[in-house]
Amino acid sequence: MENQTPITEFRVVAFSTRADYKWALFTLFFSLYVVGVLMNLTTVTVIYSYHHLHSPLYIFLSSLSIVDIYFTSVTVPKLLHMLLSGNNAVTFTQCLIQMYFFYLACSTEDLILLSMAYDRYAAICHPLHYQQILSIWKCSLFIVGCWVIGSLNALLLTLPTLKMTFCDSNEIFQFFCETKALTKIACAGTDVFYKTIIVEMMPIGLIIFLCTLISYVKILRVILSIKSTEGRKKAFSTCSSHLVVFTMYCGTAASVYLIPSSRHSGFLEEVITVVYAIVTPMLNPLIYSLRNQELRTAMETFFG
């Protein structure tokens, strides 16, 4: 691996360099991380413990919880270590590794959310053929495919960093190593990253969005055709949780790359990244457990 970079070590400048904020930030992120991990672990444990939850919907949900644990674990422990020790230096290799696993989490989460949209489409629009369309075996293949495609996509998004040259500044104004933050301090080689975003990342994101949108348009048509109010309410409740999670995650993730550069854009990017990389994975199991009667009942039984 060849990289012509005079600067081989970076300083991650997270939110503020002032020492009096560090304990408040440490407490905040530690709390978010612990709560998120415990809630997602609880979701996985409950789904695994009850045989009637071993259906494609809940298998996808448990897979989403596993990805969410992995998602936050890529960035938060390192951030906590930096806040606690005051050592915010990372080598170029460490930066690349963190970037790869972060993009792996992002890509896999996108694809699992798409798979869950397809699951809801099959369940509501083709209920009589649901088992044939999406069996447990097919569901498992979907999940494996999400991880494989996610790993390849992460590699394509990480490789452009090898073409960047860093000459003047080595301060990354983000709470982890992230390619867009690196482009702001690079003196050459950023064109490869932006071409990758346009050629690879934007189409994939657009395809995922359009496929999910088409699924919900068809789902909405079926729901509106149901005559009883109770039937419409029950049908919509099975997919409303996924719709909320998908909108919240994709909306904030896309905003990071669509924010125009300005004097305050760096801080705004950090805040939005915290929402989609830490807060959303923490809220996912809460949203599903509140909106899904079957899962909520299983949780009450499990803790009761």
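Values in this document were obtained by computation on a predicted structure and should not be read as measured data. (Residues numbered from 1 in each chain as written. Predicted model: local features only at pLDDT ≥ 70, side-chain atom pairs only at ≥ 80, totals over all residues. Heavy atoms only, no water.)

## Considerations on the pairing of strand S1 (residues 9-12)
Then comes step 1: Here S1 shows a clear split, with Phe-10 and Val-12 buried on one side and none of Glu-9 and Arg-11 buried on the other.
Then comes step 2: Strand direction decides the pairing type here: S1 and strand S2 (residues 89-91), joined by 3 bridges, are antiparallel. Note that in S2 the partner of Phe-10 across the bridge is Val-90.
Then comes step 3: Note that S1 and strand S3 (residues 171-172) share 2 bridges and pair parallel. (Buried < 20%, exposed > 50% of the residue type's maximum accessible area, 1.4 Å probe, protein only. Helix = DSSP H or I, 4+ residues; strand = E, 2+ residues; numbered from the N terminus. Pairing = 2+ DSSP bridges.)

## Here we look at the packing of aromatic side chains
Then comes step 1: Scanning the model with the defined rule gives 18 aromatic pairs in all.
Then comes step 2: Taking the centre distance of 6.1 Å and the plane angle of 45 degrees together, the rings of Phe-10 and Phe-92 count as tilted. Linking Phe-10 in strand S1 with Phe-92 in helix H3 (residues 92-125), this pair joins segments that are 82 residues apart in sequence. Here the two residues Phe-10 and Phe-92 agree in accessibility, since each one is buried. (Phe/Tyr/Trp six-rings, centres within 6.5 Å; stacked < 30°, edge-to-face > 60°.)

## A short note on a nonpolar patch on the surface
Then comes step 1: Among the surface-exposed residues, Leu-206, Phe-209, Leu-210, Leu-213, Ile-214 and Val-217 lie close enough to one another that they form a single nonpolar patch of about 530 Å² accessible area.
Then comes step 2: For Leu-210, the location among the structural elements is in helix H7 (residues 190-225).
Then comes step 3: When its relative accessible area of 39% is taken as the criterion, Leu-210 is described as partly exposed. (Patch = residues over 30% accessible without salt bridge, like charges linked within 9 Å, V, L, I, M, F, W, Y side chains within 5 Å. Areas by Shrake-Rupley, 256 points an atom, 1.4 Å probe, with all protein chains shown as cover. Salt bridge = Lys/Arg side-chain N within 4 Å of Asp/Glu carboxyl O.)

## A short note on the UniProt feature "transmembrane region" (unreviewed entry) in the chain
Then comes step 1: Mapped onto this numbering, the UniProt entry gives "transmembrane region" (unreviewed entry) at residues 23-50, 57-80, 100-118, 139-159, 204-224, 236-259 and 271-290.
Then comes step 2: Within the segment residues 23-50, helix and strand shares are 96% and 0% respectively, and the terminal C-alpha atoms sit 41 Å apart.
Then comes step 3: Secondary structure content for residues 204-224 is 100% helix and 0% strand, and the end C-alpha separation is 30 Å. (UniProt positions renumbered as here; feature names shortened; annotations may be inferred.)

## A look at the sheet that holds S2
Then comes step 1: Sheet architecture is open: 3 strands sit in the order S2-S1-S3, paired in mixed fashion. Each edge of the open sheet is held by one strand with a lone partner, namely S2 and S3.

## Quick word on the nonpolar core
Then comes step 1: Residues Phe-10, Phe-29, Phe-102, Leu-182 and Leu-295 are the most contacted members of the largest nonpolar core, which totals 82 residues.
Then comes step 2: At 16 residues, the largest contribution of residues to this core is made by helix H2 (residues 56-85).
Then comes step 3: Those residues in contact with Leu-295 that sit more than four places away from it in its chain are Val-46, Ile-47, Leu-53, Tyr-58, Leu-61, Tyr-288 and Ser-289.
Then comes step 4: Grouped together as the second largest cluster of nonpolar side chains are 9 residues, Ala-117, Tyr-121, Ala-235 and Cys-239 included. (Core = buried A, V, L, I, M, F, W, Y, C linked by side-chain atoms within 4.5 Å. Contact = heavy atoms within 4.5 Å.)

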